[in-house]
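Structural overview for review
Each chain, written out:
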Amino acid sequence: MWDKCAEITIEYLTKYDCYGQKDLFESMEKGMQAKMEIIRLYPDMASFTIKAFYENDAEISMDVQESYRKYFNMKADKTLLNINPKQFIPGLDIEMMYREMYLASEGYIWEMVQRGNVDTGRMEKDFTKLIAFWKSIYLRKE
C-alpha cells in the first residue's frame, strides 16, 4: 500500500512540475501545493502515508524509509542539480540549507500529525510563511 501511495505522490509532484524548476523555492511551493491537493483529494491515503512515515515499529519504519529513499531521493537529487547556486548568498552550503529546510518541513508535519490537526489550509499558510522566511535569509540580495 505504501508503494501505491508513493506512486500517486510522485504522479502529483510531476503533474505540478515540482522537479523541473530551476528555482528551489518555486519547486518547494509547487510541491507543497501538490501535497495539499493530495491531502484534500485522498485524506485517508494522506493519513496512512504520514502515519507510516513516522511509524515507531523499527522493522516497518526501516522498510518505509528505504522505499521513501527509492522514490523521492532520486527525484530530489535531480532537482538539486537544476538549481543555480548564484541565486543564493555567497558561501552558502546549499546541501546543508536543503537538509535544514527538509528537516524543518518534516518536523512541522510530524507535529501536526501528533496533534491530530492536519488542516490543509493552515498548513499551506504556514508553509508559505516558512518559504518566504527561507527566501529572505538564503537568497542573494540584489
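Residues numbered from 1 in each chain as written. Predicted model: local features only at pLDDT ≥ 70, side-chain atom pairs only at ≥ 80, totals over all residues. Heavy atoms only, no water.

Some words on the state of the cysteines
- Counted by the stated rule, this structure contains 0 disulfides.
- Free of any disulfide, C5 has its nearest neighbouring cysteine sulfur in C18, separated by 17 Å.
- A relative accessible area of 5% places C5 in the buried class. (Disulfide = S-S within 2.5 Å. Buried < 20%, exposed > 50% of the residue type's maximum accessible area, 1.4 Å probe, protein only.)

Quick look at the packing of helix α5 (residues 94-115) against helix α6 (residues 120-138)
- Where α5 contacts α6, the two axes come as close as 12 Å, and the packing angle between them is 160 degrees. In this view, α5 runs roughly antiparallel relative to α6, as classed from their interaxial angle. The element α5 and its partner α6 pack so that their crossing is right-handed. For the pair formed by α5 and α6, the contact residues are M97, E100, M101, A104, S105, Y108, I109, M112 and R115 on the first element and R122, M123, D126, F127, W134 and Y138 on the second.
- When its residues are assigned to classes, the contact of α5 with α6 shows 10 nonpolar, 1 polar and 4 charged. (Axes fitted to C-alpha atoms, helices over the stretch in contact; angles between N-to-C directions. Helix = DSSP H or I, 4+ residues; strand = E, 2+ residues; numbered from the N terminus. Parallel < 35°, antiparallel > 145°, perpendicular 65-115°, else oblique. Left-handed = near helix turned anticlockwise from the far one by under 90°. Contact = heavy atoms within 4.5 Å. Nonpolar A, V, L, I, M, F, W, Y, C, P; charged D, E, K, R; others polar.)

Description of the nonpolar core
- Grouped together as the largest cluster of nonpolar side chains are 11 residues: M32, M36, I39, A46, I50, Y108, I109, M112, V113, M123 and F127.
- Those elements that provide at least two residues to this core are α2 (24-41), α3 (43-53), α5 and α6.
- By residue number, the principal contributor to this core is α5, which donates 4 residues.
- Setting aside chain neighbours within four positions, we find I50 in contact with I109 and V113.
- Core analysis: the next-biggest nonpolar cluster, separate from the first, contains 10 residues, C5, I8, I10 and A34 among them. (Core = buried A, V, L, I, M, F, W, Y, C linked by side-chain atoms within 4.5 Å.)

Brief notes about unusual backbone geometry
- Of note, D17 is a non-glycine position whose phi angle comes to about 60 degrees, a positive value.
- Residue placement: D17 occurs in the loop between α1 (2-15) and α2.
- Classification of D17 as partly exposed rests on a relative accessible area of 38%.

Focus on the pattern of salt bridges
- Under the counting rule described, the total for this entry stands at 4 salt bridges.
- When the shortest N-O distance is used, the salt bridge between D126 and R122 registers 3.4 Å. Here R122 and D126 lie together in helix α6, a separation of 4 residues that amounts to about one turn. (Salt bridge = Lys/Arg side-chain N within 4 Å of Asp/Glu carboxyl O.)

From the geometry alone we can't say anything about function, so treat these as descriptive.
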